[in-house]
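Inside the fold
Listed here are the chains, written in short residue letters.
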Amino acid sequence: LEESEALHARARAFIEASAEGGAAEGFDALATAIARWQAARCAPVGRLFEARGVRPEAIATAAEIPAVPTDAFRFARVAAHPPEADARVFRTSGTSLGPGARGEHPLRTTATYELAALTWGARMLWPDGLPLRALVLAPPLDDAPDSSLGFMLDLFAARLRGPASWHVRARDGHAELDAEGFARACAEARAAGEPAFVMGTAFAFVHLLEALPPGAALLPEGSRAMQTGGFKGRSREVPPE
């Protein structure tokens, strides 16, 4: 636990320094230190190093670290801590192969995740520091507590310092878009003259565009959108523009 905390502290120091344009230490040094620790204490990672013929003590750059295939998270517990120490378990959506093939990513702490998301969210998405209304095209975290995306969007909505509304509901394993509620939220933003931040998956944006009448999604100047995730075969593909 002490060694794990020390690595998390190094990662958080790196995140904070990188947002200011500097570095607490080199990325390769940090990445290889984490990889060597995981190879020694997380059996699937250790087996991966062995299968690739890579000696953990010999790696000197991040490029030399064997990448864990995404399928591994469907078939093995990829974690250095025991299940009883899980603070949160994120699961994939299962949209590609079905809910029975969902990958799992257990975390002992979410503190490093939270710092990374909020630090770089502020840097890249709301660098002007304006209060923003949050219009979320994803289920509330209570509806999908194992969603990494939902966790991040919940963090963003809380940090934006404005009213927040969610316009997708998870019901019986299906997601339902509330286009009318989204249109009302846009109208409220226009009436108040307050910019909004729209966040959602690519396919949620497509379904929204198909459901709304022209002009219903107009928002005040300073508004912005963040598209996350791909189409995953759940809608036609639409260029970001």
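Analysis parameters
- Residues numbered from 1 in each chain as written.
- Predicted model: local features only at pLDDT ≥ 70, side-chain atom pairs only at ≥ 80, totals over all residues.
- Heavy atoms only, no water.
- Helix = DSSP H or I, 4+ residues; strand = E, 2+ residues; numbered from the N terminus.
- Polar contact = N/O pair within 3.5 Å; in protein donor to acceptor, adjacent residues only side chain to side chain.
- pLDDT = per-residue confidence, 0-100.
- Phe/Tyr/Trp six-rings, centres within 6.5 Å; stacked < 30°, edge-to-face > 60°.
- Buried < 20%, exposed > 50% of the residue type's maximum accessible area, 1.4 Å probe, protein only.
- Contact = heavy atoms within 4.5 Å.
- Axes fitted to C-alpha atoms, helices over the stretch in contact; angles between N-to-C directions.
- Parallel < 35°, antiparallel > 145°, perpendicular 65-115°, else oblique.
- Nonpolar A, V, L, I, M, F, W, Y, C, P; charged D, E, K, R; others polar.
- Pairing = 2+ DSSP bridges.

Tracing the chain through its elements places histidine 81 in the loop between α4 (72-75) and β1 (88-91). Engagement of the side chain of histidine 81 in a polar contact is seen with the side chain of aspartate 86, the distance being 2.7 Å.

Overall, the prediction assigns the chain a mean pLDDT of 91, with 94% of residues at 70 or greater. The element-level mean pLDDT for the chain is lowest in strand β5 (residues 168-171), coming to 80, with helix α2 (residues 27-41) highest at 97.

Taken as a whole and judged by the stated rule, the model has six aromatic pairs. Pairing tyrosine 113 with phenylalanine 151 gives two aromatic rings, centres 5.4 Å apart and planes at 85°, and the pair type is edge-to-face. Taken together, the residues span a long stretch of sequence, with tyrosine 113 in helix α5 (residues 111-124) and phenylalanine 151 in helix α6 (residues 148-159) at a distance of 38 residues. Grouped by ring-pair contacts, the aromatic residues Phe90, Tyr113 and Phe151 constitute a single cluster.

Bringing the side chain of threonine 119 into the picture now. Summarising the element assignment, threonine 119 is placed in helix α5. Judged by its relative accessible area of 18%, threonine 119 is buried. Polar side-chain contacts of threonine 119 include one of 2.7 Å to the backbone oxygen of leucine 115. When near neighbours in sequence (up to four residues on either side) are disregarded, threonine 119 contacts Ile15 and Ala19.

Let us now look at the packing of α2 against helix α3 (residues 43-51). At a minimum axis separation of 5 Å, α2 and α3 run at an interaxial angle of 105°. Relative to α3, α2 is oriented roughly perpendicular. Residues Ala35, Gln38, Ala39 and Arg41 of α2 lie in contact with α3, whose contacting residues are Ala43, Val45, Gly46 and Phe49. Residues of the contact of α2 with α3, tallied by class, amount to five nonpolar, two polar and one charged.

Between helix α1 (residues 2-19) and α5, the least distance of the axes is 10 Å, while the angle of their chain directions is 5°. With respect to each other, α1 and α5 are oriented roughly parallel. Counting all contacts with α1, which are made through His8, Ala11, Arg12, Ile15, Glu16, Ser18 and Ala19, the residues of α5 involved are Ala111, Thr112, Leu115, Ala116, Thr119, Trp120 and Arg123. Counted by class, the contact of α1 with α5 contains seven nonpolar, four polar and three charged residues.

We now examine the sheet that holds strand β7 (residues 196-201). One open sheet holds the four strands; their spatial order is β4-β3-β7-β8, and the pairing between them is parallel. Edge positions in the open sheet fall to β4 (164-166) and β8 (224-228), since each of these has one partner strand only. Across this sheet, the average inter-strand angle for adjacent strands is 15°, counted without regard to direction. Across three bridges, strand β3 (residues 133-137) lies against β4 in parallel orientation. If you follow alanine 134 over to β4, its bridge partner there is alanine 164. Running over the sheet, helix α7 (residues 179-192) touches β3, β4 and β7 and is turned about 165° from β3.

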